Amino acid sequence: MLQVKESVFVEDLLMVNPKLLIALGHFIMYAEKHNLPVTITSIIHDRKNVASVSRTHEDGRAIDIRSRDWPKQHVEGVIDHMMHIANHYGAISASDYERRVIIHHKVKGGGEH
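Keep in mind the model is a prediction, meaning the values are calculated, not measured. (Residues numbered from 1 in each chain as written. Predicted model: local features only at pLDDT ≥ 70, side-chain atom pairs only at ≥ 80, totals over all residues. Heavy atoms only, no water.)

**Q** An account of the overall build of the protein is needed here, citing residue identities and associated values.
**A** Within the protein, the secondary structure is distributed over two helices and five strands. Along its sequence from the N terminus, the protein presents helices and strands in the succession β-α-β-β-α-β-β. Put simply, the protein has 113 residues, and 34% of those count as buried. Of the roughly 7600 Å² of accessible surface on the protein, a fraction of 54% belongs to carbon and sulfur atoms. (Helix = DSSP H or I, 4+ residues; strand = E, 2+ residues; numbered from the N terminus. Buried < 20%, exposed > 50% of the residue type's maximum accessible area, 1.4 Å probe, protein only. Areas by Shrake-Rupley, 256 points an atom, 1.4 Å probe, with all protein chains shown as cover.)

Structure (structure tokens):
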């Protein structure tokens, strides 16, 4: 089931890159298959008060999804699933020049997503 954090405007999904919506669909399908929650915690935001290293959120090419309620094997499973199905939609990392459609990390002062 898709949920959106209270402070997030679901209407922002109308402004994201269509490829992101396709990738989100694949992510949701994995979650539904394994009965896992999908909570969007961030869609489009500016760089104010954000420790972001890229413009993907500003440009509508990224969303954050909470992973704290997911068992580790499913976090790893959805990463593998997304890398095989939709990695060609991913952004190229500035640090290693690898394309990734999904990145799992802990936000400084926040939770995992």
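There's more to say after this.
**Q** I'd like a rundown of helix α1 (residues 18–33), residues and numbers included.
**A** Its 16 residues give α1 an end-to-end C-alpha distance of 23 Å, which sits within 8% of 22 Å, the value for a rise of 1.5 Å per residue. For α1, the set of buried residues is Leu20, Ala23, Leu24, Phe27, Ile28, Tyr30 and Ala31. Taken end-on, α1 shows its buried residues confined to a sector of 155°, consistent with a single buried face. Turned more than 90 degrees away from the buried face of α1, the exposed residues are Pro18, Met29, Glu32 and Lys33. Elements in contact with the buried residues of α1: β1 (2–4), β2 (38–42), β3 (64–65) and α2 (72–86). (Expected span 1.5 Å × (residues − 1). Arc of directions from axis to C-beta. Contact = heavy atoms within 4.5 Å.)

**Q** Lay out the environment of alanine 23 with the relevant residues and their values.
**A** Following the sequence through the fold, alanine 23 ends up in helix α1. Separated by 59 residues in the primary sequence, alanine 23 and methionine 82 have C-alpha atoms spaced 7.6 Å apart. Alanine 23 has contacts with Met82, Ala86 and Val101, leaving out every residue within four places of it along the chain.

**Q** Tell me about the nonpolar core, and name the residues and values.
**A** Grouped together as the largest cluster of nonpolar side chains are 22 residues, with contacts concentrated most on Phe27, Ile40 and Trp70. Counting residues per element, this core draws most heavily on α1, at seven residues. Setting aside anything within four residues of it in sequence, one finds tryptophan 70 in contact with Phe27, Tyr30, Ala31, Leu36, Pro37, Val38, Val75 and Val78. (Core = buried A, V, L, I, M, F, W, Y, C linked by side-chain atoms within 4.5 Å.)

**Q** Provide a residue-level description of α2, including the pertinent values.
**A** Between its terminal C-alpha atoms α2 stretches 21 Å, which fits the 21 Å expected from 15 residues at 1.5 Å a residue. By the burial criterion, the buried members of α2 are His74, Val75, Gly77, Val78, Met82 and Ala86. Looking down the long axis of α2, one finds its buried residues gathered within 160° of arc, a one-sided arrangement. In α2, the exposed positions that point more than 90 degrees away from the buried face belong to Lys72, Gln73 and His84. Structurally, α2 contributes buried residues whose contacts are with α1.

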